[in-house]
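Geometric and topological summary
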Amino acid sequence: MPAKPVLDKSYDPKPVEDKWGKFWLDEKLFVAEAPSGRKKFSMALPPPNVTGSLHMGHALCFTLPDIIVRWKRMQGFNTLWLPGTDHASIAVHNVIEKMLDEKGLTREKVGREEFLKIAWDWKAKYGGIITSQLKKLGCSLDWSRERFTMDKGLSGAVRKVFVDLHKEGLIYRGYYLVNHCPHCMTVLSDIEVEHKDHQAKLYYIKYPIADSKDSITVATTRPETMLGDTAIAVHPDDPRFKKLHGARVLLPLTERVIPVITDETVELDFGTGAVKVTPAHDPTDFALGKKHGLPQVIVIDGSGKMTDAAGAVFKGLDRFDARERVLDRLREQGYLVKEEDYEHAVGHCYRCKTVIEPHLSWQWFVKIGPLAKEAIRVVETGEIRFIPANWTKTYYEWMYNIHDWCISRQLWWGHRIPAWYCPDCGEVIVAMDDPASCPRCGGTKLKQDDDVLDTWFSSGLWPFTTLGWPEKTVDLETFYPTDLMSTGFDIIFFWVARMIMLGLKFTGKIPFRYVFINGLVRDMKRRKMSKSEGNSIDPLEMIEKYGTDALRFTLAALAIPGMDLSLSEERMAGCRAFANKIWNASRFVLMNIDEGGAATGGGAPAPRSGTAADKATDETAAAPAPRSGTAADKATDETAAEPTLADRWIRSRLAKVIAELNESLEGYRFFEAADKIYHFLWDEFCDWYIELAKPALKAGNTATRATLTEALDQTLRLLHPFMPFITEEIWHQLPGAGKSLVTAAFPEPRPGWEDAGAEAQMKEIQDIVITVRTLRTENKIPPQSKVSLWLKPHDGADTRLIEDNAASAVSLANLSGLSVMKEFPAGKKLLKGMAGAWEIGILLEAAIDTGQERQRLEKELAKLEAEVEKAAGRLGNADFVGRAPREVVEETRAKLEELEKKRDKTKEHLSNILAL
Ligand SMILES: [Zn+2]
Ligand SMILES: [Zn+2]
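I will try to describe carefully the structure that is included in this document. (Residues numbered from 1 in each chain as written. Chains lettered and ligands numbered in written order. Predicted model: local features only at pLDDT ≥ 70, side-chain atom pairs only at ≥ 80, totals over all residues. Heavy atoms only, no water.)

So, the pattern of salt bridges
Per the counting criterion, the structure on display carries 58 salt bridges. Arg 552 is paired through a salt bridge with Asp 66; the nearest N and O atoms lie 2.7 Å apart. Highlighted residues: Arg 552 in helix α16 (residues 548-558) and Asp 66 in helix α2 (residues 56-74), separated in sequence by 486 residues. Assessed through its relative accessible area of 0%, Asp 66 is described here as buried. A salt bridge links Lys 291 to Asp 263; the shortest N-O distance between them is 3.1 Å. Of this pair, Lys 291 sits in helix α7 (residues 283-292) while Asp 263 sits in the loop between β11 (257-262) and β12 (274-277), and the two are 28 residues apart along the sequence. In the salt-bridge network here, residues are joined through shared partners; they are Arg 112, Arg 416, Lys 447 and Asp 450. (Salt bridge = Lys/Arg side-chain N within 4 Å of Asp/Glu carboxyl O. Helix = DSSP H or I, 4+ residues; strand = E, 2+ residues; numbered from the N terminus. Buried < 20%, exposed > 50% of the residue type's maximum accessible area, 1.4 Å probe, protein only.)

Here's what the structure looks like:
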């Protein structure tokens with residue numbers, strides 16, 4: 001009676017993924033327990049933008065922590081991986097404003113209220129795209145706890161943090177330089193500024209030194225801003241200006257006198273090495289001005305016109321007209337030294353293409369110093385660790401040079417700043433509840449600040465606000481601090497540092513123990529993937545083509561700590577083939593075990609005997625083993641309940657892989673874990689063990705049947721965090737499978753299974769098989785032709801071992817027979833080789849046409865000789881070695897070495913053939 005096929009003939013990922021993806025959610029397998037008596041493991045998902053659509057960077061950033069959380073869940077932890085999305089102010093603005101633009105509208109035309117309504121509607125409609133893609137990726141997130149940075153609870157928390165920090169004096173209002181479009185009369189965020197190369201002029205202007213005949217010359221592309229200069233800066237070590245340190249300079253065209261200051265940030269090779277400092281009209285100068293306490297003189301207003309402070313001559317002029325007028329005056333008065341062509345990038349408004357003007361305005365700031373101090377300390381003490389550790393240095397560099405954080409944004413979508421202004425008395429009110437009247441003068445014409453908070457303000461609170469803070473919730477008690485944060489290096493400062501600062505400030509605890517920094521996903525030429533370059537690989541397309549498991553496994557296998565990933569579709573196809581391999585091997589196993597055939601569910605592998613096993617024996621033993629070994633094969637003759645060598649070997653290997661995999665995952669070495677399970681499954685389990693188990697199965701060996709089942713069960717558990725769908729599907733076909741692999745026990749190290757003797761013996765057999773296979777390939781013996789193997793033992797060869805396992809060797813090396821003999825009989829044509837202590841002889845019957853093979857090898861050898869000569873000749877040429885780039889020389893040298901190796905090998909084959 002043929003065994004019933006339990007899995008489809010070939011693996012089709014789509015239906016399997018749909019089925020289990022739904023099952024896991026329906027059964028609430030990812031929902032965390034609170035309160036819980038179990039040890040917890042918790043993470044917060046880095047919230048993707050509501051405007052987001054899954055790209056490869058996401059896929060990596062979400063797959064790796066999913067591997068960890070699935071592993072921890074299987075280890076028995078009460079795991080929480082909390083999902084959610086970020087409101088993403090600017091990204092949403094871009095989407096909505098584009099929609100408005102298509103209707104000929106602007107956000108100013110529709111007004112704040114209507115704009116927000118449109119934005120919420122849009123969010124309701126499209127904000128779930130990224131979350132459905134996360135489900136497709138198999139992320140084991142607790143959707144019952146999903147959050148959004150603008151939902152009620154989180155918004156309340158944001159307001160509390162703002163009010164509390166303000167009360168403590170850690171939030172203040174100050175003048176700040178922002179990007180401003182004089183045409184749209186609006187402030188632009190950095191990403192709304194388009195930079196275009198511009199052919200301009202660099203003007204050299206001479207400033208006279210006060211009480212001296214000397215002067216100092218500076219270079220600028222925007223001469224009109226000189227009217228707002230408040231200092232000249234030079235590098236402290238620049239010998240050209242040593243004598244001018246602290247000097248005073250007369251600012252041409254004005255009545256003002258300004259100082260010469262020194263600063264390390266001045267570039268020695270720009271212009272003359274001395275730079276004008278205009279704090280009110282240039283971002284670099286603004287920072288420099290803050291540092292040195294320089295005054296800010298505003299000479300251009302919000303509409304791009306010159307102000308009173310620019311002087312009576314220039315007042316009211318457009319900034320570009322003023323430029324010409326300033327240059328004329330400088331020329332007339334002999335201050336313009338020279339002008340030269342200069343190409344540089346100029347920022348333009350993304351909407352109207354007007355050249356943007358840096359503009360000083362009132363903004364809100366977080367005073368960062370006191371917060372940063374604590375955030376540095378917890379990393380220094382190791383309470384928070386970066387993986388890889390080298391990111392710690394980057395973190396310190398940022399944190400030691402941190403500036404106050406400008407948190408106001410001139411946008412509408414986001415958390416509106418809870419500050420009100422009283423037009424009657426100028427009072428500023430910051431409060432938890434919207435004020436009805438001014439507490440100072442009783443005025444009721446209060447106006448709320450128009451701006452919203454920087455998106456990073458709310459996401460900086462993410463690890464604890466998502467758990468219910470400021471309420472003292474059971475979730476907060478149970479899951480905070482979280483254990484792991486997985487993210488990209490580009491937001492260590494924007495996000496990670498702020499979560500640490502704000503977490504410590506408001507909960508008194510670190511927000512997470514480990515920060516895992518992902519590499520960048522690049523293409524095979526190590527170029528960054530980008531849509532505009534056309535070299536990006538779409539994860540959703542890959543899922544469609546190869547299945548989610550293949551995508552996940554590929555990313556894990558490439559995730560080497562501290563390195564970027566080189567991704568290609570071929571890698572994905574390779575992992576898809578791996579899925580097929582697992583599927584086919586599992587089908588074989590399932591067809592060879594009967595329903596009561598083996599224990600699963602994490603129990604010890606019991607060598608079994610009994611009624612169920614007996615029945616199975618009858619069935620499989622019905623087919624005679626197609627073998628013709630010359631040596632005895634004990635496995636078939638004995639009572640079939642003793643584990644074979646192969647059984648003991650695979651258990652020993654499995655024990656090692658379990659230990660290694662747990663260790664790799666403890667260290668977040670995903671590539672290493674993936675590599676281990678891949679090679680174990682493909683090479684050892686599929687290619688060796690299954691082949692070795694065949695004769696024993698045919699003979700009805702119940703121990704082999706139990707080991708095979710147990711090994712498959714354990715392997716599926718090991719692989720589940722990486723490839724959750726296919727493993728779940730197969731596992732359910734195993735006898736005694738539980739509800740789901742999601743909550744099944746992860747294999748624990750089993751020292752009792754380790755068996756050094758079995759591994760050594762197995763190696764001896766593998767060596768022989770591999771040597772035969774190599775001889776077969778090298779001599780072009782067709783795979784279907786069987787050959788006869790003769791073995792001659794040298795010192796240390798285990799004859800008994802080979803005799804006992806002859807059947808395995810016969811099937812693995814495709815032999816017609818195997819004989820152990822003291823001497824090879826004379827006069828036989830043999831292909832010879834060595835495998836450990838065994839001398840190998842393959843008896844050639846009609847396997848190959850020696851004449852033809854000889855001709856082929858002679859031709860090949862001649863070709864190789866010529867190539868070797870050519871390469872050696874080039875390297876012998878001093879001219880080539882001296883002149884060619886080093887890489888080329890190295891390449892040639894490596895090539896020569898390879899050619900020589902090939903030539904020697906071919907020579908050896910040829911002599912082998914000639915000896916026949
Ligand atoms: Zn504009
Ligand atoms: Zn008032």
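From this point, the narrative continues.
Notes on the coordination of the zinc ion (ligand 2)
For the zinc ion (ligand 2), the full set of protein donor atoms is Cys 422 (SG), Cys 425 (SG), Cys 438 (SG) and Cys 441 (SG), at a range of 2.2 to 2.3 Å. Mapping the donors of the zinc ion (ligand 2) onto the primary sequence yields the spacing C-x2-C-x12-C-x2-C. With a gap of 16 residues between them, Cys 422 in the loop between β18 (419-421) and β19 (428-430) and Cys 438 in the loop between β19 and β20 (447-448) connect regions that are remote in the sequence. (Donors = N, O, S within 2.8 Å, 3.2 Å for Na, K, Ca; no water.)

Let's talk about the pairing of strand β9 (residues 231-234)
Alternating positions in β9 separate into two faces, Ala 231 and Ala 233 on one and Ile 232 and Val 234 on the other, with burial throughout. Pairing between β9 and β12: 4 bridges, direction antiparallel. The residue of β12 that forms the bridge with Ile 232 is Lys 276. Taken together, the 3 bridges between β9 and β11 define a ladder with parallel strand orientation. Among the inter-strand pairings, Ala 233 is bridged to a residue of β11, identified as Ile 261. (Pairing = 2+ DSSP bridges.)

Comments concerning the sheet that holds β19
Spatial ordering of the open sheet is given by β19-β18-β20, a layout of 3 strands whose pairing is antiparallel. The open sheet has two edge strands with one neighbour each: β19 and β20. Relative to β20, β18 runs antiparallel, the two being bridged by 2 bridges. Bridge pairing in β20 links Trp 420 to Gln 448.

Section: the pairing of strand β8 (residues 215-220)
Alignment of strand β7 (residues 193-208) against β8, held across 6 bridges, turns out to be antiparallel. Its bridge partner being in β8, Pro 208 is matched across the sheet by Ser 215. Taken together, β7 and the strand that follows it, β8, pair antiparallel across an intervening segment of 6 residues, in which Asp 211 is found at a positive phi of about 55 degrees.

What to know about α2
Counted at 1.5 Å a residue, the expected span for α2 with its 19 residues is 27 Å, and the 27 Å between its end C-alpha atoms agrees. The buried count for α2 comes to 18 of 19 residues, which makes it a mostly enclosed element. Among the residues trailing α2, Gly 76 stands out with phi positive, at a value near 100 degrees. (Expected span 1.5 Å × (residues − 1).)

Section: the sheet that holds β12
Taken in spatial order, the 4 strands make up an open sheet running β10-β11-β9-β12, and their pairing is mixed. Of all strands in the sheet, those bounded by a partner on one side alone are β10 (248-250) and β12. Each strand axis lies, on average, 30 degrees off the axis of its neighbour in the sheet, ignoring direction. Sheet topology places β10 next to β11; 3 bridges connect them, and they run antiparallel. Across the sheet, Arg 248 pairs through a bridge with Pro 259, a residue of β11. (Axes fitted to C-alpha atoms, helices over the stretch in contact; angles between N-to-C directions.)

Observations concerning the nonpolar core
One finds Met 56, Phe 670, Phe 685 and Phe 722 to be the most contacted residues of the largest nonpolar core, which totals 130 residues. No other element matches the 14 residues that helix α21 (residues 670-698) contributes to this core. If we skip the residues at most four places from it in the chain, Phe 685 touches Val 589, Ile 650, Phe 680, Ile 690, Leu 708, Ala 711 and Leu 712. Counting residues in hydrophobic clusters, the runner-up holds 61 residues, among them Val 163, Val 430, Met 485 and Leu 504. (Core = buried A, V, L, I, M, F, W, Y, C linked by side-chain atoms within 4.5 Å. Contact = heavy atoms within 4.5 Å.)

Description of empty space enclosed by the protein
Vacant regions in the atomic arrangement are exposed by a probe of water-molecule size rolled over the atoms. For the coordinates displayed, the defined rule picks out 3 cavities of 30 Å³ or more. What the largest cavity holds in volume is close to 60 Å³. Contributing to the lining of the largest cavity are 13 residues, with Phe 516, Ile 517, Asn 518, Gly 519 and Ile 560 lying nearest its centre. Of all the secondary structure elements, the ones that give two or more residues to the lining of the largest cavity are α2 and β23 (512-518). Broken down by element, the lining of the largest cavity gets its largest block of residues, 3 residues, from β23. Within the lining of the largest cavity, the residues separate by chemical class into 10 nonpolar, 3 polar and no charged. (1 Å grid on protein atoms, 1.4 Å probe; cavity = no way out; pocket = protein on both sides within 12 Å on 5 of 7 lines; lining within 4 Å. Points joined across faces, edges and corners; volume = space filled by probe spheres on them. Nonpolar A, V, L, I, M, F, W, Y, C, P; charged D, E, K, R; others polar.)

A word on the packing of helix α17 (residues 569-592) against helix α22 (residues 702-719)
Close contact between α17 and α22 brings their axes to 10 Å; oriented N to C, the two are set at 150 degrees. Between α17 and α22, the interaxial angle falls into the category roughly antiparallel. Between α17 and α22 lies a crossing of left-handed hand. Where α17 abuts α22, its residues Phe 578, Ile 582, Ser 586, Phe 588, Val 589 and Asn 592 lie against Arg 705, Leu 708, Leu 712 and Leu 719. The residue inventory of the contact of α17 with α22, partitioned by class, reads 7 nonpolar, 2 polar and 1 charged. (Parallel < 35°, antiparallel > 145°, perpendicular 65-115°, else oblique. Left-handed = near helix turned anticlockwise from the far one by under 90°.)

So, the packing of helix α20 (residues 645-666) against helix α24 (residues 756-778)
At a minimum axis separation of 9 Å, α20 and α24 run at an interaxial angle of 115 degrees. In this view, α20 runs roughly perpendicular relative to α24, as classed from their interaxial angle. Remark: the crossing between α20 and α24 carries left-handed chirality. Of the residues in α24, those touching α20 at Leu 645, Arg 648, Trp 649, Ser 652, Arg 653 and Lys 656 are Ala 758, Glu 759, Gln 761, Met 762, Ile 765 and Gln 766. Its residues assigned to classes, the contact of α20 with α24 comprises 5 nonpolar, 3 polar and 4 charged.

Considerations on the packing of aromatic side chains
If you walk through the whole model with that rule in mind, you get 37 aromatic pairs. Look at Trp 120 and Trp 413: their rings are 5.0 Å apart centre to centre, the planes differ by 75 degrees, and that puts the pair in the edge-to-face class. Here Trp 413 lies in the loop between β17 (408-409) and β18 and Trp 120 lies in helix α4 (residues 107-126), a separation of 293 residues in the sequence. Accessibility expressed as a relative area gives 0% for Trp 413, which makes it buried. Plain terms: the ring middles of Trp 122 and Tyr 126 are 5.7 Å apart, the flat faces sit at 40 degrees to each other, and that makes the pair tilted. Pair noted here: Trp 122 and Tyr 126 are both in helix α4, with a separation of 4 residues, about one helical turn. Using a relative accessible area of 37% as the deciding quantity, one classes Tyr 126 as partly exposed. Here the aromatic cluster, defined as three or more aromatic residues joined through ring pairs, consists of Phe 553, Phe 578, Tyr 678, Trp 682 and Phe 722. (Phe/Tyr/Trp six-rings, centres within 6.5 Å; stacked < 30°, edge-to-face > 60°.)

A few points about unusual backbone geometry
The amide bond that connects Ala 34 to the next residue, Pro 35, takes the cis arrangement and shows omega of 0 degrees. With respect to the helices and strands, the residue Pro 35 is situated in the loop between α1 (13-26) and β1 (40-44). Residue Pro 388 is reached from Ile 387 by a cis peptide bond, and omega for that bond is -5 degrees. Residue Asn 814 is not a glycine yet carries a positive backbone phi of 55 degrees. In this structure, Asn 814 sits in the loop between α26 (806-812) and β27 (815-820).

Observations regarding the side chain of Asp 713
As for its placement among the helices and strands, Asp 713 is situated in helix α22. Here Arg 717 takes part through its side chain, which lies 3.0 Å from a polar atom of the side chain of Asp 713. (Polar contact = N/O pair within 3.5 Å; in protein donor to acceptor, adjacent residues only side chain to side chain.)

Topic: α1
Because the α-helix completes a turn every 3.6 residues, residues three or four places apart line up on one side. Relative to the 20 Å expected for 14 residues at 1.5 Å per residue, α1 spans 20 Å between its end C-alpha atoms, a close match to the ideal helical length. Considered for burial, the residues of α1 that qualify are Pro 13, Val 16, Glu 17, Trp 20, Gly 21 and Trp 24. End-on view of α1: buried residues confined to an arc of 120 degrees, all on one side of the axis. (Arc of directions from axis to C-beta.)

Some words on the state of the cysteines
With the rule as written, the count across this model stands at 0 disulfides. Between Cys 406, a free cysteine, and Cys 181, which holds the nearest cysteine sulfur, the sulfur-to-sulfur gap is 19 Å. Of the residues examined, Cys 406 reaches a relative accessible area of 9% and is grouped as buried. (Disulfide = S-S within 2.5 Å.)

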